[in-house]
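Read off the chains here:
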There are 2 protein chains.
Amino acid sequence: MTEEGRYAFSGLDRVIHERARLGIMTSLMAEPKGILFPELKDLCQLTDGNLNRHLQVLEESRLIRLDKSGSGRTKQTRVHLTSQGQQQFLAYLDHLKAVVDDASNAVRQARKVKRHGLLPG
Amino acid sequence: MTEEGRYAFSGLDRVIHERARLGIMTSLMAEPKGILFPELKDLCQLTDGNLNRHLQVLEESRLIRLDKSGSGRTKQTRVHLTSQGQQQFLAYLDHLKAVVDDASNAVRQARKVKRHGLLPG
């Protein structure tokens, strides 16, 4: 009766799926020239500590690159997606669209059952 | 230049967003009469321990209900979405669709920049 692994969603890369990192990756995808650390913090509404922690995870997975320049008061960090990051984001997005379709079908099925008073097999 | 919180995705309920729980919630949404524990395990490809742990989180958030019946060898647990669970799942799905739109727009923007060799602002 059950279709093994039907809802395992194993294609959803956990590194990208985490909510804050999904925001970071989406921001960076939209800006091929990269985003400065303080702007990224604002866009994603994260604290310095949280943003740093998530950037570290993304960098370890080779999805982003950090370009540090200047020193002292002129020091700044610009964050870029790597080409691997772009590719993995596109693959993730395809899986996410499939999840939305699955979930929308589940909702339709539930509504049909409610309307007809039928409970499937 | 940045639009504060543009990519915070704060509407994405973290309890539902976690990959395994998203699979569990989608499975249950599709089956208004509930799903037996071993079937749910197969559908989501989870171990007993993992499924138990995620069901506990969902139950504590009042998104699911566990109906236990029988005893000894006839003991079984059927898992249902609560009506709160259904509502929160629908709200989550709306937010997820918005995220997919945001991410798709980000991809389009990146492709436009690549094609025209323009770097915005």
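Each value, and the rule that gives it
Residues numbered from 1 in each chain as written. Chains lettered and ligands numbered in written order. Predicted model: local features only at pLDDT ≥ 70, side-chain atom pairs only at ≥ 80, totals over all residues. Heavy atoms only, no water. Helix = DSSP H or I, 4+ residues; strand = E, 2+ residues; numbered from the N terminus. Rg over C-alpha atoms; globule rule 2.2 N^0.38 Å. Patch = residues over 30% accessible without salt bridge, like charges linked within 9 Å, V, L, I, M, F, W, Y side chains within 5 Å. Areas by Shrake-Rupley, 256 points an atom, 1.4 Å probe, with all protein chains shown as cover. Salt bridge = Lys/Arg side-chain N within 4 Å of Asp/Glu carboxyl O. Lys, Arg positive; Asp, Glu negative; His and termini not counted. Charge placed at Lys NZ, Arg CZ, Asp CG, Glu CD. Buried < 20%, exposed > 50% of the residue type's maximum accessible area, 1.4 Å probe, protein only. Polar contact = N/O pair within 3.5 Å; in protein donor to acceptor, adjacent residues only side chain to side chain. Contact = heavy atoms within 4.5 Å.

Chemist: Outline the overall build of chain A, listing residues and values.
Modeler: Each helix and strand in chain A was counted, giving five helices and three strands. Seen in sequence order, chain A has helices and strands lined up from the N terminus as α-α-β-α-α-β-β-α. Since a compact globule built from 121 residues should have a radius of gyration of about 14 Å, the 20 Å found for chain A marks it as more spread out than a globular shape. In terms of overall dimensions, chain A has a C-alpha envelope of 70 × 25 × 20 Å along the principal axes.

Chemist: Would you mind going over a positive patch on the surface in detail, with residue names and values included?
Modeler: On the surface, a cluster of positive charge is contributed by Lys97 of chain A together with Arg108, Arg111, Lys112, Lys114 and Arg115 of chain B. At five residues, helix α5 (residues 83–116) of chain B tops the list of elements feeding residues into the positive patch. Of note, Lys112 of chain B is situated in helix α5. Residue classification places Lys112 of chain B among the exposed positions, given a relative accessible area of 51%.

Chemist: Describe the side chain of Glu18 of chain B, with residues and values.
Modeler: Residue placement: Glu18 of chain B occurs in the loop between α1 (14–17) and α2 (19–30). Within polar-contact distance, the side chain of Glu18 of chain B engages the backbone nitrogen of Arg21 of chain B at 3.0 Å. Once residues within four sequence positions are removed from consideration, Glu18 of chain B is found in contact with Arg14 and His17 of chain A together with His54 of chain B.

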